[in-house]
Amino acid sequence: GAGVSQTPSNKVTEKGKYVELRCDPISGHTALYWYRQSLGQGPEFLIYFQGTGAADDSGLPNDRFFAVRPEGSVSTLKIQRTERGDSAVYLCASSFGPEDTQYFGPGTRLTVL
Amino acid sequence: KQEVTQIPAALSVPEGENLVLNCSFTDSAIYNLQWFRQDPGKGLTSLLLIQSSQREQTSGRLNASLDKSSGRSTLYIAASQPGDSATYLCAVSNSGGSNYKLTFGKGTLLTVNP
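All figures in this text were calculated on a predicted structure; none of them were measured in a lab.

Reading the values: the criteria
Residues numbered from 1 in each chain as written. Chains lettered and ligands numbered in written order. Predicted model: local features only at pLDDT ≥ 70, side-chain atom pairs only at ≥ 80, totals over all residues. Heavy atoms only, no water. Contact = heavy atoms within 4.5 Å. Buried area = accessible area lost by both parts, 1.4 Å probe. Salt bridge = Lys/Arg side-chain N within 4 Å of Asp/Glu carboxyl O. Polar contact = N/O pair within 3.5 Å; in protein donor to acceptor, adjacent residues only side chain to side chain. Helix = DSSP H or I, 4+ residues; strand = E, 2+ residues; numbered from the N terminus. Core = buried A, V, L, I, M, F, W, Y, C linked by side-chain atoms within 4.5 Å. Buried < 20%, exposed > 50% of the residue type's maximum accessible area, 1.4 Å probe, protein only. Phe/Tyr/Trp six-rings, centres within 6.5 Å; stacked < 30°, edge-to-face > 60°. Pairing = 2+ DSSP bridges. Axes fitted to C-alpha atoms, helices over the stretch in contact; angles between N-to-C directions. 1 Å grid on protein atoms, 1.4 Å probe; cavity = no way out; pocket = protein on both sides within 12 Å on 5 of 7 lines; lining within 4 Å. Points joined across faces, edges and corners; volume = space filled by probe spheres on them. Nonpolar A, V, L, I, M, F, W, Y, C, P; charged D, E, K, R; others polar.

What to know about the interface of chain B and chain A
1) Next: Contacts between the two partners involve 18 residues from chain B and, on the opposite side, 19 residues from chain A.
2) Next: Between chain B and chain A, the buried area comes to about 1,500 Å², and carbon and sulfur atoms account for 54% of it.
3) Next: At the junction of chain B with chain A, the criterion picks out 1 salt bridge.
4) Next: In this structure, the salt-bridge partner of Lys101(B) is Asp56(A), at a minimum N-O distance of 3.4 Å.
5) Next: Put simply, chain B and chain A have 8 residue pairs in polar contact (both at pLDDT 80 or more) between them.
6) Next: Within the residue set of the side of chain B that touches chain A, elements represented by two or more residues are β4 (30-38), β5 (44-51) and β10 (102-104) of chain B.
7) Next: The dominant element in the side of chain B that touches chain A, judged by the number of residues it contributes, is β4(B), at 4 residues.

This is the structure we're talking about:
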């Protein structure tokens, strides 16, 4: 079966612009996660969805970041007024439940000029 | 706050060598520990998952051990191959309600030379 997919694979934007990053989880996985990986660092947790609701958004760095999962499947991470410091690889993962193995997508590399 | 450290940051070995990657964590109240592999431009692939009650897990040429009380884990790779070249990441999840949240180390960049 298909794994976790993320689009676009690369996104270049200018400082101050708005971007949306999409994640398609593995079918049947109710749990979905977003992580951010800066250059030379390990991934850092951003947000966890159980179904349609954000069960834990404690990792979102500030209110410019927002994520949705309206139908409990596809999720979109939205970043407003992008800053150069937002440049990173954004990884999405999904699992059957919160205690199960997380399967990661290939990531979206975001570059803010 | 849980912190994960991986040593060394980079390792280069000739093909065929056995090698050990190290991971340490500051809070021993973990739910599980995982080792991942990350290839350039690709996502993370889970290699081994050790529950907090376990001491080790094996998969093929890979063996991971866990000493929860001392906050350490090692990943042993036997008879390394050029195809093993990648970044290896250690991640822990904490017990106590947020066991879905993985805390990662910065990784060890492994190069196996033919």
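Continuing now.
Some words on the nonpolar core
In globular proteins that are soluble, nonpolar side chains generally tend to be buried together.
1) Next: Core analysis: the biggest nonpolar cluster contains 22 residues, and Phe25(B), Leu33(B), Trp35(B), Leu75(B), Ile77(B), Tyr88(B) and Leu110(B) have the highest contact counts within it.
2) Next: For this core, the secondary-structure elements that each account for two or more residues are β3 (19-25), β4, β5, β7 (62-67), β8 (72-77), β9 (86-94) and β11 (108-113) of chain B.
3) Next: When residues no more than four places from it in sequence are discounted, the contact partners of Leu33(B) are Cys23(B), Phe25(B), Leu48(B), Leu49(B), Ile50(B), Leu66(B), Ser73(B), Cys90(B), Ala91(B) and Val92(B).
4) Next: Of all hydrophobic cores here, the second largest spans 20 residues; its members include Leu21(A), Trp34(A), Ala67(A) and Leu77(A).

Concerning the packing of aromatic side chains
1) Next: Inspection of every chain in the model, using the stated rule, returns 9 aromatic pairs over all chains.
2) Next: Judged by centre distance (6.2 Å) and plane angle (50°), the ring pair of Phe45(A) and Tyr100(B) falls under tilted. Placement of Phe45(A) in strand β5 (residues 44-50) and of Tyr100(B) in the loop between β9 and β10 is noted, with the two residues assigned to different chains.
3) Next: An aromatic cluster of three or more residues is present, and its members are Tyr33(A), Tyr35(A), Phe45(A), Tyr48(A), Phe104(A), Phe36(B), Tyr100(B) and Phe104(B).

A closer look at the sheet that holds strand β8 (residues 75-79) of chain A
All names here are of chain A.
1) Next: Spatial ordering of the open sheet is given by β1-β3-β8-β7, a layout of 4 strands whose pairing is antiparallel. At either margin of the open sheet sits one strand with a lone partner, and together these are β1 (5-7) and β7 (65-68). With strand direction ignored, the average angle separating the axes of adjacent strands in the sheet is 15°.
2) Next: Pairing of strand β3 (residues 19-24) with β8 involves 5 bridges; the strand directions are antiparallel. By the bridge assignment for β8, Arg-22 is matched with Thr-76.

A closer look at the environment of Ser73(A)
Residue and element names in this part refer to chain A.
1) Next: Note that Ser-73 resides in the loop between β7 and β8.
2) Next: In this structure Ser-73 comes out as partly exposed when scored by relative accessible area, which is 35%.
3) Next: C-alpha separation for the pair Ser-73 and Ser-94, spaced 21 residues apart in sequence, amounts to 9.8 Å.
4) Next: Dropping the residues within four chain positions of it, Ser-73 is found in contact with Pro-25 and Leu-32.

Focus on the pairing of β4(B)
All names here are of chain B.
1) Next: Within β4, 8 of the 9 residues are buried, which leaves the element mostly enclosed by the surrounding structure.
2) Next: Pairing geometry for β4 and β9, over 8 bridges, is antiparallel. In the strand pairing of β9, Trp-35 is matched with Cys-90.
3) Next: The sheet contact formed by β4 and β5 spans 7 bridges and is antiparallel. Bridge pairing in β5 places Leu-33 opposite Ile-50.

Let's talk about empty space enclosed by the protein
1) Next: Within the structure shown, the criterion is met by 1 cavity of 30 Å³ or more.
2) Next: In this model, the largest cavity occupies a volume close to 60 Å³.
3) Next: In terms of lining, the largest cavity is formed by Pro98(A), Glu99(A), Asp100(A), Thr101(A), Gln102(A), Asn32(B), Gln34(B), Leu49(B), Ser93(B), Asn99(B), Tyr100(B) and Leu102(B).
4) Next: When the residues that make up the lining of the largest cavity are grouped by side-chain class, the tally is 4 nonpolar, 6 polar and 2 charged.

A look at the environment of Gly105(A)
1) Next: You can see Gly105(A) is positioned in the loop between β10 (103-104) and β11 (108-112).
2) Next: For Gly105(A) and Val68(A), which are 37 residues apart along the polypeptide, the C-alpha to C-alpha distance reads 17 Å.
3) Next: Not counting residues up to four positions away in its chain, the partners in contact with Gly105(A) are Val4(A), Gln6(A), Leu91(A), Cys92(A), Gly43(B) and Leu44(B).

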